[in-house]
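Inside the fold
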Amino acid sequence: MKLVLASDHAGIQLRAELVEHLRARGITCEDLGPQAPTSVDYPDFAERVAAAVARGDFTLGVLVCGTGIGMCITANKVRGVRAALCSTEFESRMSRAHNDANVLCLGQRVVGAGLARGILDAFVDTAFEGGRHAQRVEKIRLVEDRSGR
Ligand code: RB5
């Protein structure tokens, strides 16, 4: 398992904590920044992570901004990406088990670090259940085809 993470300026602190948490768990991860607290535009970072996951360079991606919303909207524009905005461990677990989500979006202004670590652990530790859920995920792919993405 190999993860890729990025944030905007409003998610730097939480992203750093999550990178540290993943490394402490022995999970390989690449941190795409930013490192400086200067204001940046979240779509730039969301696209880098989403594209890297869509290419298959990483197993899963994690994006953090103030709310997680902008990151999630942007990441879901990339074909093959199923980004989930989660503020509970339950949502995170279900996004993997039922939706085969491959990018987790978090809001630093929404969840505390402890909860965020739990949400991330649930995301990393839960497998897609397949079965009836696989045909639904396939239908998501067909929507991408029909929308020309
Ligand atoms: C930045 O102020 C904020 O708009 C951004 O981090 C994010 O919450 C957008 O969805």
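Here the structure is shown first, and the text comes after it.
Computed from a predicted structure; not experimentally measured.

1. Thoughts on the overall build of the chain
- The number of helices and strands found in the chain is six helices and five strands.
- When the helices and strands of the chain are placed in sequence order, the string is β-α-β-α-β-α-β-α-β-α-α.
- Relative to the globule expectation of 15 Å for 149 residues, the C-alpha radius of gyration of the chain, 14 Å, shows essentially globular dimensions.
- Its C-alpha atoms give the chain principal-axis dimensions of roughly 40 × 30 × 25 Å.
- Intrachain contacts of the chain at a sequence separation of at least 6 include 69% that bridge at least 24 residues.
- Total accessible area on the chain stands at roughly 7300 Å², and carbon and sulfur atoms take up 51% of it.
- Put simply, the chain has 19 plus and 18 minus side-chain charges, and the middle of one group is 5 Å from the middle of the other.

2. Remarks on the sheet that holds strand S1 (residues 2-7)
- With parallel pairing, five strands are arranged side by side in an open sheet as S2-S1-S3-S5-S4. Among the strands making up the open sheet, the edge pair consists of strand S2 (28-31) and strand S4 (83-85). Looking at each pair of strands side by side, their axes are set apart by 20° on average, direction ignored.
- Pairing of S4 with strand S5 (residues 103-107) involves three bridges; the strand directions are parallel. Paired with Ala84 across the strands is Leu104, a residue of S5.
- The strands touched by helix H5 (residues 113-125) within the sheet are S1, strand S3 (60-65) and S5, with S5 carrying the most contacts at an inclination of about 170°.

3. Structural notes on the packing of helix H4 (residues 89-97) against H5
- The interhelical angle for the contact between H4 and H5, taken along N-to-C directions, is 20°, at an axis separation of 8 Å. By the angle between their directions, the pair H4 and H5 is classed as roughly parallel. Considering the relative orientation of H4 and H5, their crossing is right-handed. Between H4, through Glu89, Ser92, Arg93, Ser95 and Arg96, and H5, the contact on the second element is made entirely by Leu115, Gly118, Ile119, Ala122 and Phe123.
- Split into classes, the residues belonging to the contact of H4 with H5 amount to four nonpolar, three polar and three charged.

4. Considering the pattern of salt bridges
- In total, this model carries ten salt bridges according to the counting rule given.
- Of the charged contacts, one joins Glu138 and Arg141 as a salt bridge, the two residues approaching to 2.8 Å between their closest N and O atoms. With Glu138 and Arg141 both in helix H6 (residues 132-147) and three residues apart, this pair spans about one turn of that helix.
- A relative accessible area of 33% places Glu138 in the partly exposed class.
- Of the residues examined, Arg141 reaches a relative accessible area of 36% and is grouped as partly exposed.

So, how was this worked out
- Residues numbered from 1 in each chain as written.
- Predicted model: local features only at pLDDT ≥ 70, side-chain atom pairs only at ≥ 80, totals over all residues.
- Heavy atoms only, no water.
- Helix = DSSP H or I, 4+ residues; strand = E, 2+ residues; numbered from the N terminus.
- Rg over C-alpha atoms; globule rule 2.2 N^0.38 Å.
- Contact = heavy atoms within 4.5 Å.
- Areas by Shrake-Rupley, 256 points an atom, 1.4 Å probe, with all protein chains shown as cover.
- Lys, Arg positive; Asp, Glu negative; His and termini not counted.
- Charge placed at Lys NZ, Arg CZ, Asp CG, Glu CD.
- Pairing = 2+ DSSP bridges.
- Axes fitted to C-alpha atoms, helices over the stretch in contact; angles between N-to-C directions.
- Parallel < 35°, antiparallel > 145°, perpendicular 65-115°, else oblique.
- Left-handed = near helix turned anticlockwise from the far one by under 90°.
- Nonpolar A, V, L, I, M, F, W, Y, C, P; charged D, E, K, R; others polar.
- Salt bridge = Lys/Arg side-chain N within 4 Å of Asp/Glu carboxyl O.
- Buried < 20%, exposed > 50% of the residue type's maximum accessible area, 1.4 Å probe, protein only.

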